[in-house]
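Examining the three-dimensional arrangement
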Amino acid sequence: MAEITGDQRVQSEVLEGLATAVNHRRWFVELAVPYLGENPIEIGSGLGDYALEWAEHFPRFTATEADPDRLVALKERLADRPGIEVRQMLLPNPEQGDYSAAVSYNVLEHIEDHVAALRSMGNLVRPGGAVVIIVPAFQFAMSPADIATGHVRRYTKKTLSAAMTEAGLAVEKIHYANALGLIGYFMATKVFRLMPKEGPMVRVYDTLVLPATKAAEQLARPPFGQSVFAVARRPA
């Protein structure tokens, strides 16, 4: 049975703290935009930071959230955006849809049956539609922060590709992103046991380090990263 994992209060605090990482968010928004079509659905919209960015690119956008309290906050925040529909959704579920794409950032790692969740995402999109995923990378980086926020795993390109394939999706693109971010995350959360949150370290990284990291990774994909980015298709 589907359930929400992790401390929802801690998750919301982390989401609020990382909302200030504007350059990081815009980079990851740009990664997905070419694959989302005209009417995408986001799984796990949290507080709506990504939804607001993505909705600028599309005539229609659907944001979803599983946690009831965050759902209320999400509806309030997006109430004045008529092009955005807000729904409650928890994966896996049996719904069939006709969205142009399904996108989910930093959600799959919370779900025990991630293959069923990916299969559900595939069922939400029309044949040929994209399923676009970002998940945290490398099990060695699993930290107290991961556990507190309900992460049940971290991924490699191989493990995420295998889960997508098992879910009946055809992997089109997969690569690591934010190489320096993995080093920073490991030191902050695994070595010093800090929680990701707004503060001087986040601001300095987002303002000074991340733009250079993004530019370098546009020239050459790194062999590791803080995240795995993947695009798969529902078979036509």
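Our subject is the structure listed above.
So, a few notes on the structure that sits alongside this text. (Residues numbered from 1 in each chain as written. Predicted model: local features only at pLDDT ≥ 70, side-chain atom pairs only at ≥ 80, totals over all residues. Heavy atoms only, no water.)

Contact pair helix 5 (residues 114-124) / helix 7 (residues 157-166): the axes reach a minimum separation of 8 Å and the direction vectors enclose 60 degrees. Relative to helix 7, the element helix 5 is oriented oblique. Viewed along their axes, helix 5 and helix 7 form a crossing whose handedness is right-handed. Here His114, Val115, Leu118 and Arg119 of helix 5 lie close against helix 7, whose contacting residues are Ala163, Met164 and Glu166. When its residues are assigned to classes, the contact of helix 5 with helix 7 shows four nonpolar, one polar and two charged. (Axes fitted to C-alpha atoms, helices over the stretch in contact; angles between N-to-C directions. Helix = DSSP H or I, 4+ residues; strand = E, 2+ residues; numbered from the N terminus. Parallel < 35°, antiparallel > 145°, perpendicular 65-115°, else oblique. Left-handed = near helix turned anticlockwise from the far one by under 90°. Contact = heavy atoms within 4.5 Å. Nonpolar A, V, L, I, M, F, W, Y, C, P; charged D, E, K, R; others polar.)

Of note, the bond from Leu91 into Pro92 is cis; its omega dihedral lies within 30 degrees of zero at 0 degrees. Relative to the elements of secondary structure, Pro92 occurs in the loop between strand 3 (84-88) and strand 4 (99-105). At Asn106, a residue that is not glycine, the phi angle is positive and equals roughly 55 degrees. Along the chain, the position of Asn106 falls in the loop between strand 4 and helix 5. Looking at Asn106, the relative accessible area reads 33%, which means it is partly exposed. (Buried < 20%, exposed > 50% of the residue type's maximum accessible area, 1.4 Å probe, protein only.)

Let us look at the packing of helix 8 (residues 179-191) against helix 9 (residues 200-219). Two numbers describe how helix 8 lies on helix 9: the axes approach to 8 Å, and their chain directions differ by 140 degrees. One element, helix 8, and the other, helix 9, form an angle in the oblique class. Note on element contacts: helix 9 touches helix 8 through Tyr205, Val209, Thr213 and Glu217, opposite Ala179, Leu180 and Gly181. Of the residues belonging to the contact of helix 8 with helix 9, the class tally is four nonpolar, two polar and one charged.

Quick look at the pairing of strand 2 (residues 61-65) now. For strand 2, the buried fraction is high: five of the five residues fall into the buried class. Pairing geometry for strand 1 (residues 41-42) and strand 2, over two bridges, is parallel. From the neighbouring strand, Glu42 faces strand 2, where its bridge partner is Ala63. Looking at chain direction, strand 2 and strand 3 are connected through five bridges and run parallel. Looking at strand 3, one finds that Thr62 is bridged to Glu85. Where the polypeptide runs from strand 2 across helix 4 (residues 68-77) and back to strand 3, its parallel neighbour, the crossover connection is right-handed. (Pairing = 2+ DSSP bridges. Right-handed = clockwise from strand over helix to strand, strands pointing away.)

Nothing here speaks to function; it is geometry throughout.
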